[in-house]
Amino acid sequence: MSDGPQPPGDAYADAVDDQRNTMVAVFAAVTAHLVDEYDAGAVLDLIAEGSAEVLQADAGILLRDAGGDLRVAAASNESARLAEMLQSHTDEGPCVDTISTGDLVRVADLRGAERRWPLFTTATLRVGYASVYSVPVHVEDETIGGLNLFCRTSTVLGDEQIRFARVLADLAALALTQPSLRHRREQLAERTLATLNDRVEIDHAVGLLAGATDLDAAQAATVLFDYARRVRLRPVDVARALVGGSLPPRDVAVGHLAT
Amino acid sequence: MSGERRVRLRRVVAALLDARGGTGRATAVCDACVSVLSGTDAAAVSLRTPSGAETVLGASDDWAVSLEEMQYTVGEGPGLAAHESGRPVLVDDLGGEATRWPAFVDAAQAAGVRSVATFPLRMGGIRLGVLDLYGRHSGVPTGDAVADAVVLAELALSAVLDHVSRAEGRGEDWIAAANSYKEVNIATGIIAGRLGISLTDAFARLRAYAFAQERTLRAVAADVVARRTDLEESG
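Bear in mind the structure is a predicted one, so any value in this text is a computation, not a measurement. (Residues numbered from 1 in each chain as written. Chains lettered and ligands numbered in written order. Predicted model: local features only at pLDDT ≥ 70, side-chain atom pairs only at ≥ 80, totals over all residues. Heavy atoms only, no water.)

Caption draft 1: Examining the overall build of chain B more closely. When you go through chain B residue by residue, the secondary structure sums to ten helices and six strands. Taken over the C-alpha trace, chain B has a radius of gyration of 18 Å; the compact-globule value for 235 residues is 18 Å, and the two agree within 12%. The principal-axis extent of the C-alpha atoms belonging to chain B is close to 55 × 45 × 30 Å. Evaluated residue by residue, chain B yields a buried proportion of 51% over its 235 residues. Carbon and sulfur atoms provide 49% of the accessible area of chain B, an area that totals close to 10100 Å². Looking at chain B, you have 24 positive and 30 negative side-chain charges, and the mean spots of the two groups are 5 Å apart. (Helix = DSSP H or I, 4+ residues; strand = E, 2+ residues; numbered from the N terminus. Rg over C-alpha atoms; globule rule 2.2 N^0.38 Å. Buried < 20%, exposed > 50% of the residue type's maximum accessible area, 1.4 Å probe, protein only. Areas by Shrake-Rupley, 256 points an atom, 1.4 Å probe, with all protein chains shown as cover. Lys, Arg positive; Asp, Glu negative; His and termini not counted. Charge placed at Lys NZ, Arg CZ, Asp CG, Glu CD.)

Here it is, written out as structure tokens:
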């Protein structure tokens, strides 16, 4: 079968296959970073470079920071960085609109956009770009930025290309939210150990109280908790004072001991 | 790629968790270790505080629970070594480690253990505990099994954090529900209070007594709490 004449359209199919293979390589590189400890900035760079490679455009990521200012988070080259900075400085452009509406903005021919974004359009045409796409980066319900694609010739991106860009924008959102998830997990891990430790200190103190008096363990626990309530301390603080020796067991057990 | 491995193992854990009725995620991870890792016959997840207190949060069976308690009783073994070093400890043939952990090797071999692999559960710089894997036969784990075990240890850590987070959300006491050594801690306090010695010394006495009597720490502690023994025989 394979030695027959090549059907027409195979060159196109090969090009599509090449693009798919590059897409897979980009996803693999980005997700490999995300499952390990990573630097969010490095992942955003990978995403910008991967978008540029697959979509044959220049790419950048613009994020709105906590103060509401737009900042360039990544760019595949210096022209893309300049086009990003133009939006940040003029506070107008496709990405500004994407962030405020949450929608994808497609500008296949930038020459028609002078009315919509006068400063941005003039300057970006001068940089040499003909088409601009801005794909929203969503975190939960909020749009925190955009993945922007800049083409030097007038370009219409197809559905599959847009889908690819949207997945990369989602991965950018993941890269930005994972560190806070990590922080929450670290806090939880610390709290887990602290809770265990507190419990052990209380158990030690209950034993100490029982060993130093005639109370059994259950009575000693009741006495310790009653005492903590009476003096308005946390049980673990009473336990620490008992274990540390600053609080004599008899002071805690006073009124509960056989005379 | 480790992402695929993770997805596959996560599915195994999820299926075993379903089979258990949706509770005990740490135990489901232990079950997954036994079902996926060749050479692993039992697994346990133990938490350990810097002061040395322990809690068994999940175990594949009672044998695993008893082996965890064995390491706790003798105060040495691969789990403790992994926790202290922060690195995995792989023991293909326990018989070769008799000088390193004489008491543990002796007791574990008598219980039928031939190989142990143990992985620390770490979150950044925080050491929470270990995943201990026990085998009835000696043998070197394959590279693939070690790679699976590393991912399962991560899933065990997630299971621990998930367990604590859910319990906190519901206002439940997860320590009381876990297999903790509460009576050992109380018994340690009783001995310290009665003899006027430090908790560290009291724990050492308890451990020495249990070892000399060939009983578990927990059994001896129960006697101390019930005032059935004053440890006098230990000298």
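The rest of the description comes next.
Caption draft 2: Layout of unusual backbone geometry. All names here are of chain B. Of note in this structure, E214 is not a glycine but carries a positive phi near 55°. Tracing the sequence through the fold places E214 in the loop between α9 (199–213) and α10 (217–225). Residue E214 is classed as exposed on the basis of its relative accessible area of 75%. Backbone geometry places R227, a non-glycine residue, at a positive phi of 60°.

Caption draft 3: Quick peek at the pattern of salt bridges. Throughout the structure, instances matching the rule amount to 24 salt bridges over all chains. When the shortest N-O distance is used, the salt bridge between E201(A) and R240(A) registers 3.0 Å. Of this pair, E201(A) sits in helix α6 (residues 159–212) while R240(A) is found in helix α8 (residues 235–244), placing the two residues 39 residues apart along the sequence. Taking the shortest distance from any N to any O, the salt bridge between E154(B) and R6(B) comes out at 2.8 Å. Of this pair, E154(B) sits in helix α6 (residues 143–170) while R6(B) is found in helix α1 (residues 2–19), placing the two residues 148 residues apart along the sequence. Take R6(B): its relative accessible area is 14%, and that puts it in the buried class. One salt-bridge network, held together by shared partners, links D198(A), E201(A), R234(A), D237(A) and R240(A). (Salt bridge = Lys/Arg side-chain N within 4 Å of Asp/Glu carboxyl O.)

Caption draft 4: Just the sheet that holds strand β4 (residues 115–123) of chain B, in detail. Residue and element names in this part refer to chain B. Overall, antiparallel pairing links the six strands, which are arranged β3-β4-β5-β1-β2-β6 in an open sheet. Pairing within the sheet leaves two strands with one partner each, and these edge strands are β3 (89–91) and β6 (179–180). Inspection of the sheet shows β3 paired to β4 by three bridges, in the antiparallel sense. The partner of L90 across the bridge, within β4, is A117. (Pairing = 2+ DSSP bridges.)

Caption draft 5: Local environment of the interface of chain A and chain B. Tallying the contact residues gives 31 residues for chain A and 37 residues for chain B. With both chains or domains summed, chain A and chain B bury close to 2800 Å², and 68% of this area falls on carbon and sulfur atoms. On the chain A side of the contact with chain B, R185(A), L193(A) and L196(A) bury the most area, a combined 21% of that side's loss. Linking chain A with chain B are three salt bridges, by the criterion used here. One salt bridge in this structure joins D173(B) and R199(A), with 3.0 Å as the shortest N-O distance. Run the count over chain A and chain B and you get eight residue pairs in polar contact (both at pLDDT 80 or more). (Contact = heavy atoms within 4.5 Å. Buried area = accessible area lost by both parts, 1.4 Å probe. Polar contact = N/O pair within 3.5 Å; in protein donor to acceptor, adjacent residues only side chain to side chain.)

Caption draft 6: Quick look at the UniProt feature "domain: ANTAR" (unreviewed entry) in chain B. Here the UniProt feature "domain: ANTAR" (unreviewed entry) sits at residues 164–225 of chain B. Between the first and last C-alpha atoms of residues 164–225 of chain B the distance is 28 Å; the span itself is 79% helix and 3% strand. (UniProt positions renumbered as here; feature names shortened; annotations may be inferred.)

Caption draft 7: Highlighting the sheet that holds strand β1 (residues 58–64) of chain A. Residues and elements named next belong to chain A. Across the sheet, which stays open at both edges, the five strands sit in the order β2-β1-β5-β4-β3 with antiparallel pairing between neighbours. Where the open sheet ends on each side, the last strands, each with one partner, are β2 (70–75) and β3 (105–107). The mean inter-strand angle of the sheet, taken between neighbouring strand axes irrespective of direction, is 20°. In the sheet, β3 pairs with strand β4 (residues 131–139) via three bridges, with the strands oriented antiparallel. Residue pairing for β4: V107 is matched across the bridge by V132. Contacting β1, β2 and β5 (142–151), helix α3 (residues 78–90) runs over the sheet at an angle of about 170° to β2. Strands β1, β3, β4 and β5 of the sheet are contacted by α6, whose axis makes an angle of about 40° with β4. (Axes fitted to C-alpha atoms, helices over the stretch in contact; angles between N-to-C directions.)

Caption draft 8: Structural context of the side chain of H204(A). Note that H204(A) resides in helix α6. Apart from residues lying up to four places away in sequence, H204(A) is in contact with V243(A), N185(B), T188(B), G189(B) and L199(B).

Caption draft 9: Region of interest: the domain arrangement of chain A. By the assigned domains, chain A splits into domain 1 (12–180) and domain 2 (185–253). Taken over C-alpha atoms, the centre of domain 1 of chain A sits 57 Å from the centre of domain 2 of chain A. (Domains from an automatic or database assignment.)

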